Amino acid sequence: MAVSLLASSATGAGLELLFGSFLDLVVEVTKKNILFQPTLKRLETTLKSLQPKIKQIDAFNLDMDRPKEIDGLKVLIIKGQKLVIKCSNTNQYNFIMKPIYTEKLLKLEEEIRRYIDIDMQVQQSVDTKETLFEVKHMSLEVRQISEQFKQLSSIGSNSGSFSRSGFTGVCSPPGLKGEPVGLEAPLNDLKKKLLEDEVPLIVLSAPGGCGKTTMALAVCQDEDILEKFQNNIFFITVSKSPSLLVIVERLFQHKGQKVPKYRNDNDLVVLLENFFRNMTSEPVLLVLDDLWSGSEYILDKLNFQIENYRILVTSRSELSSFDSTYKLQTLNKTDALTLFRQSALPQGGNFCISDEDVSKILNSCGGFPLAISVIGKSLYRKSAAEWRKRVKECSKASAIMSKSEFGILECLQSSVDALDEKVEVKECFIDLGSFPEDQRTSATTLIDMWVELHKIDEDDAMTNLHELCDRNLVDLVVMRKDSSDVDCSYNEHFAKQHDLLRDLAIRQSDSGSIEHRRRLFLDITGNRVEPKQLLIDANLLSISTDEMFTSHWSGLQLRAPKVEALVLNIRTKNYNLPEFVQTMIDLKVLIVTNYGFSTTELSNFELLSSLSSLRRIRLEKLFLPSSLLSSLQLKNLEKISLVMCKIRQAFSSIPIRISEAIPNLAEIIIDYCNDLVELPAGFCDLFLLKRVSITNCHKLRSLPEDLGKLTNMEVLRLNSCIELLELPESIGRLQKLRVLDISDCLSMTKLPETIGGLCNLKKLFMIDCSNCELPESVMNLTQLKEITGMKKLLLHGKFSSLSWKSWK
């Protein structure tokens, strides 16, 4: 069997056929070889989960004629065949070879996952550009899985947002941060309803902060649930304003499919029912997290009469119109104490207050896990005096504590008050109310805002974010573990806040009249903009609109001369910047983020030209018009970030010199802009550029030949530009360059000889660049302290005389 397999691969068999043969081989060897059975079984499960993607890639390859891209994957499969055959021929008592081959099998599994993921990104960039946000998170989560595989020898390591089920995608359940406390009994009850009683729809209800989402995630990652539902577990957060279209789009995108044309919601319901019916015979579990009262109609539409189709809903309300409701209880005293100890004393030890005082703190928390963990974290490494002070505060809070959101907010308030000695951190916490609930916010977005609002540097801003994370007031997720914090590169860091904590942040700003608040958070539902004429004193203004908003601002006439940071959270396909932006003469930061599924076409850019104080602009998931750069006559703009934007039109026709429009630009971030083919004319005339990050731009094939003109550049990041062929020869003139990252630039086969001229280069990232040759001139890089991703060169003896401090 092995001979025929290898022969077929050598003669150019189709990818799907080759992959299927490899899977058959793994299944056969798994049954026969006890020594490697657990590892091979894991590989078998992974290959089966990837089989639909292989079919898509094979079809896509025929349409796009991409033999080069497919060859690499075929080589991996052939490599895998040889390795599995070696395992098959290894005696079951040969325990010397077991760790060696086991490590190679896990490495192979990781490489296949990563290669397929990158290829799927290319495919989706051609077919469904508007869904790049979800593709990005899928890609980053796959890299997290790679990190977990590397740590299999210590299986109990921190899981972060890694899904133990092993599958990733738009609707995959996020991972748990740790083992949940006190959920064993309710977990067994829910499992019984789903597996034995076969209840078609279960509503898991409890007040906010009680652990409903944690409970739902624990269900998704339970071994018995995984065994039954396997890869057909879908997790969708719906929140206050659920949209049937968004749910349908996410589910179709999860399976790599486009949503067919539809006329109305009834069509969407039919599409979704067929979507579930056309799946394999495996059961389906749909989890809808955080459904609010008044949204029951969504469940009516999704409650299909399909065998082995189950829905689990979490809600603050009991949703009495549905029969099966499971009320999640607060933690009992024993579990509450366990969670508090884990939060306040993660490294063990004894409390510095009496058991009676500990009980007073726990009584104020009412058994709510969120309150317990937040207060516990706020006391970590604090003095006995601070503990006693908190006991007094909690004693007052417990008098009004009840099983209601108001009571929980009062309890959590004491943890916010504990930030009074760190006023700046507290101010940053309150600023988080600017962003929508249940959404991840890039750390770089927060940094841009905090640097200008609070007059701090980027390292201080990130330190504040870590402080909030340490106190459990926000969750910080690092999507790519090998990303570096050096040089303020936080593109892979994301913050997410519990909706109750967001409510708490907003509550800090709600006192006083609207006109005199320091922060103003406006939430516009539907297309209703109440007629108002306001002169506001706020220095932070956040405006959130939903899918129904039609960009008519005539009813809202604001004068906002003191606003320094403007945050626009949008969801519509077309959006006009409001006319009152022109009144923001002190505006320093503009953040426009599209949280909808389709790319938003943004208009009225010319309004920004009068804002001479504007220093930072971040645009996410937008279609940028050709007039963008010509309208941005911003002499003081220092940083611009374009994330998941369609930018070709804006970059292709520039009537003026870019260096005249934004002469003081020091940093540019272009991430997942998948229609970027080349940089705009005159890009290399931006002589003050210090940091350039062009990442995940899959169609970028070359950089300007005169890149060497950017002599002030210190950081150049090009990772995951998979079509980038080479670096220009002029790169050797960048004598201030300290960091160069070309990780995952799969098409790059060599670095130019002039690379040796980078006399100040300290870090070189070349993860998964094993095919990229280093020239002899790298011997001249005397300042290079770390090279990441090229360890094989050292192992093979090449450049073994180099004295670099760190090979990774």
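Please read all numbers here as calculations on a predicted model, not as lab measurements.

Caption draft 1: Up close: the sheet that holds strand E6 (residues 441–442). Read across the sheet, three strands follow the order E6-E8-E7 without closing on themselves; strand pairing throughout is antiparallel. For this open sheet the edge positions go to E6 and strand E7 (475–478), each flanked by a neighbour on one side alone. Inspection of the sheet shows E7 paired to strand E8 (residues 493–496) by four bridges, in the antiparallel sense. Each bridged residue has a counterpart across the sheet, and for Leu476 the counterpart in E8 is Ala495. Against the sheet, helix H20 (residues 458–470) touches E7 and E8, its axis set at about 115° to E7.

Caption draft 2: The packing of helix H18 (residues 423–431) against H20, seen in detail. At a closest axis distance of 10 Å, the pairing of H18 and H20 adopts a crossing angle of 80°. Judged on the interaxial angle alone, H20 and H18 are roughly perpendicular. Between H18 and H20, the residues in contact are Glu424, Val425, Cys428 and Phe429 and Asn464, Glu467 and Leu468, respectively. Considered class by class, the residues forming the contact of H18 with H20 number four nonpolar, one polar and two charged.

Caption draft 3: Structural view of helix H19 (residues 443–453). Buried residues dominate H19, accounting for 11 of its 11 residues. The complete set of buried residues in H19 reads Ala443, Thr444, Thr445, Leu446, Ile447, Asp448, Met449, Trp450, Val451, Glu452 and Leu453. Looking one or two places after H19, you find Lys455, whose phi comes out positive at around 55°.

Caption draft 4: Representation of the sheet that holds strand E2 (residues 233–237) within the structure. Read across the sheet, five strands follow the order E2-E3-E4-E1-E5 without closing on themselves; strand pairing throughout is parallel. Among the strands making up the open sheet, the edge pair consists of E2 and strand E5 (325–327). In this sheet, neighbouring strand axes are inclined to one another by 15° on average, regardless of whether the strands run parallel or antiparallel. Here strand E3 (residues 284–289) pairs with strand E4 (residues 309–315) via five bridges, running parallel. Note on E4: the bridge partner recorded for Leu288 is Val313.

Caption draft 5: Representation of the pattern of salt bridges. The tally for this structure, following the rule as stated, stands at 34 salt bridges. A salt bridge links Arg616 to Glu452, with the nearest nitrogen and oxygen atoms 3.1 Å apart. Of the two residues, Arg616 is situated in strand E17 (residues 616–620) and Glu452 in helix H19; the sequence distance between them amounts to 164 residues. Linked by salt bridges that have partners in common, Asp448, Glu452, Glu458, Arg615, Arg616, Lys639, Glu667 and Arg691 make up one network.

Caption draft 6: The nonpolar core, seen in detail. The biggest cluster of nonpolar side chains holds 90 residues, and the ones touching the most others in it are Leu312, Phe340, Phe429, Met449, Trp450, Leu465 and Leu468. A total of seven residues in this core trace back to one element, the largest contributor, which is H19. Those residues within four positions of Leu465 in sequence are excluded, and the remaining contacts are Ala443, Leu446, Trp450, Val474, Leu476 and Ala495. In this structure, Ala560, Ile755, Leu761 and Leu774 belong to the second largest nonpolar core, which totals 88 residues.

Caption draft 7: Molecular detail of the packing of aromatic side chains. Tallied over the full model, the rule gives 15 aromatic pairs. A ring pair is formed by Phe36 and Tyr101, whose centres lie 6.0 Å apart and whose planes are at 45°; its orientation type is tilted. Of this pair, Phe36 sits in the loop between helix H2 (15–32) and helix H3 (37–64) while Tyr101 sits in helix H5 (residues 97–127), and the two are 65 residues apart along the sequence. By relative accessible area, which is 12% here, Tyr101 ends up buried.

Caption draft 8: Fine view of the pairing of E4. Counting buried positions along E4 yields seven of seven residues, so the element is predominantly enclosed. Burial along E4 is two-sided: the face carrying Tyr309, Ile311, Val313 and Ser315 and the face carrying Arg310, Leu312 and Thr314 are both buried. Note: strand E1 (residues 201–205) against E4, five bridges, orientation parallel. Residue pairing in the sheet places Leu201 in a bridge with Ile311 of E4. Between E3 and its parallel partner E4, the chain crosses via helix H12 (residues 296–302), and the hand of that crossover is right-handed.

Caption draft 9: Summary view of the environment of Ile353. By secondary structure assignment, the location of Ile353 is in the loop between helix H13 (333–344) and helix H14 (355–365). Considering only alpha carbons, one finds Ile353 and Ala384, 31 residues apart in sequence, at a separation of 7.0 Å.

Caption draft 10: Region of interest: helix H15 (residues 369–378). Burial of H15 is extensive: nine of the 10 residues sit out of reach of the surface. All of the buried residues along H15 are Pro369, Leu370, Ala371, Ile372, Ser373, Val374, Ile375, Gly376 and Ser378.

Caption draft 11: Focus on the pairing of E8. Looking at chain direction, E6 and E8 are connected through two bridges and run antiparallel. Bridge pairing in E8 places Ser442 opposite Phe494.

Caption draft 12: Fine view of the environment of Ala418. Assignment of secondary structure puts Ala418 in the loop between helix H17 (405–417) and H18. Between the C-alpha atoms of Ala418 and Glu393, which are 25 residues apart in sequence, the distance is 9.9 Å. Beyond its immediate stretch of four places on either side in the chain, Ala418 contacts Arg390 and Arg471.

Caption draft 13: Quick look at the confidence of the model for the protein chain. Averaged over all residues, the pLDDT of the protein chain equals 81, while 83% of them reach at least 70. Low pLDDT, under 50, characterises residues 122–167; the stretch is placed with 126 contacts to residues that sit more than four places away or in other chains. Considering only residues more than four positions removed or in separate chains, one finds that residues 792–798, a stretch of pLDDT under 50, has eight contacts.

What counts and how
Residues numbered from 1 in each chain as written. Predicted model: local features only at pLDDT ≥ 70, side-chain atom pairs only at ≥ 80, totals over all residues. Heavy atoms only, no water. Pairing = 2+ DSSP bridges. Helix = DSSP H or I, 4+ residues; strand = E, 2+ residues; numbered from the N terminus. Contact = heavy atoms within 4.5 Å. Axes fitted to C-alpha atoms, helices over the stretch in contact; angles between N-to-C directions. Parallel < 35°, antiparallel > 145°, perpendicular 65-115°, else oblique. Nonpolar A, V, L, I, M, F, W, Y, C, P; charged D, E, K, R; others polar. Buried < 20%, exposed > 50% of the residue type's maximum accessible area, 1.4 Å probe, protein only. Salt bridge = Lys/Arg side-chain N within 4 Å of Asp/Glu carboxyl O. Core = buried A, V, L, I, M, F, W, Y, C linked by side-chain atoms within 4.5 Å. Phe/Tyr/Trp six-rings, centres within 6.5 Å; stacked < 30°, edge-to-face > 60°. Right-handed = clockwise from strand over helix to strand, strands pointing away. pLDDT = per-residue confidence, 0-100.

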